Amino acid sequence: MNITIPVCPPKITKFLLGIVFALVGMSLLTEIISYFWGNKIFEFFSDIFNVGTERNIPTLFSVLLLWTAALLCALITFIEKDRGERYIIHWGLLSLIFLLLGWDEGVQLHDALTNTALATNLSSIAGIKKQEIFTFNWVVIAIPIVFLVGLFYLKFIWSFPPKQKQVLIIAAITYVMGALGMEMISAWIYDTIGNHKLIYIFTSTSEDLLEMSGVVIFIYFLLIHLKLYLDQVEINFVKGEKTIPSVPSDFLIDEHQPNYID
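Residues numbered from 1 in each chain as written. Predicted model: local features only at pLDDT ≥ 70, side-chain atom pairs only at ≥ 80, totals over all residues. Heavy atoms only, no water.

Q: Quick rundown of the packing of helix H1 (residues 9-36) against helix H2 (residues 40-49)? Include the residues and the values.
A: Contact geometry of H1 with H2 gives a least axis separation of 8 Å together with a crossing angle of 150 degrees. Accordingly, the angle class assigned to the pair H1 and H2 is roughly antiparallel. Crossing angle aside, the handedness with which H1 passes H2 is left-handed. Every residue of H2 that contacts H1 at Leu 23, Met 26, Ser 27, Thr 30, Glu 31, Ile 33 and Ser 34 is listed here: Phe 42, Glu 43, Phe 45, Ser 46 and Phe 49. In terms of residue class, the contact of H1 with H2 is made up of 6 nonpolar, 4 polar and 2 charged. (Axes fitted to C-alpha atoms, helices over the stretch in contact; angles between N-to-C directions. Helix = DSSP H or I, 4+ residues; strand = E, 2+ residues; numbered from the N terminus. Parallel < 35°, antiparallel > 145°, perpendicular 65-115°, else oblique. Left-handed = near helix turned anticlockwise from the far one by under 90°. Contact = heavy atoms within 4.5 Å. Nonpolar A, V, L, I, M, F, W, Y, C, P; charged D, E, K, R; others polar.)

Q: Give me the lowdown on the packing of aromatic side chains, citing residues and values where you can.
A: All chains considered together, the criterion is met by 11 aromatic pairs. Look at Tyr 153 and Phe 156: their rings are 5.3 Å apart centre to centre, the planes differ by 80 degrees, and that puts the pair in the edge-to-face class. Both residues of the pair, Tyr 153 and Phe 156, belong to the buried class. (Phe/Tyr/Trp six-rings, centres within 6.5 Å; stacked < 30°, edge-to-face > 60°. Buried < 20%, exposed > 50% of the residue type's maximum accessible area, 1.4 Å probe, protein only.)

Q: Residues and numbers for the side chain of Lys 165, please.
A: In this fold, Lys 165 is placed in helix H9 (residues 162-192). Residue Lys 165 is classed as buried on the basis of its relative accessible area of 18%. Non-local contacts of Lys 165, meaning those with residues more than four positions away in its chain, are made with Ile 157, Trp 158 and Phe 160.

Q: Lay out the side chain of Thr 59 in plain terms, naming residues and giving numbers.
A: Looking at the secondary structure, you find Thr 59 in helix H3 (residues 57-83). Here Thr 59 falls in the buried class, since its relative accessible area comes to 5%. Once residues within four sequence positions are removed from consideration, Thr 59 is found in contact with Thr 53, Glu 54, Glu 105 and Gly 106.

Q: Which residues make up the nonpolar core, and what values go with them?
A: By size, the foremost hydrophobic cluster in this structure holds 36 residues, and its most contacted members are Leu 65, Trp 91, Phe 156, Phe 218 and Leu 222. Not counting residues up to four positions away in its chain, the partners in contact with Phe 218 are Ala 69, Cys 73, Leu 94, Phe 98, Leu 168 and Ala 171. Within the second largest apolar cluster, 11 residues are counted, among which are Val 139, Leu 180, Ile 189 and Tyr 200. (Core = buried A, V, L, I, M, F, W, Y, C linked by side-chain atoms within 4.5 Å.)

Q: Break down the environment of Ile 57 for me, citing the residues and quoting the values.
A: Here Ile 57 shows up in helix H3. With 10 residues separating them along the chain, Ile 57 and Asp 47 place their C-alpha atoms 9.3 Å apart.

Here it is in structure tokens:
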């Protein structure tokens, strides 16, 4: 049996963004309630919905978002390879990057890099003190990596049509502003004011809002790339060395028919 599932990138994006804002809203609500009327019940719900902590609902959603992006990049890699396109390595590396980002989101590996010998030595070489915006000094490792990755992908980004390129740039800026920009602002607040103030709650929440929104926008970019350059993706199951034949094209969903979801 061959199943064709119509995909509408704008609707999927709106749906995912709706979940993002709902999770962020619940996180803020439970944290503020716990801040003013702290007790075990409120703290329990705050732990479940807090976007800034691990092993809860927002973390699971973030990991799924990142791994969805990784899966789509892997799919595009195989398709581009089959078509003999130029940027196969770039697509494959993107898939690996988002796979690792999802893993990091689940275990918070980047936080463990704070105070490591690598972070301390790089800070010392750059003449940076572990204070204010560099309080969480893992960013000293992340900044040059982001810069090098950006340079590597410069031609790749500029190879897309204007509208796609704009979406990709917005996705990248949104994610980096959350992962690094708001992280450094949160670090400054943590060092100068403390992490028990409402302003720290808002900035740390904004950090995760930007990160998740950036990934959703990137998924939108991937979906419109597939929609523009592919008429149909067919998945055939194989048994041994024999491919199970697909159904005739007359039975496939036609996007021009009323049952096609646009």
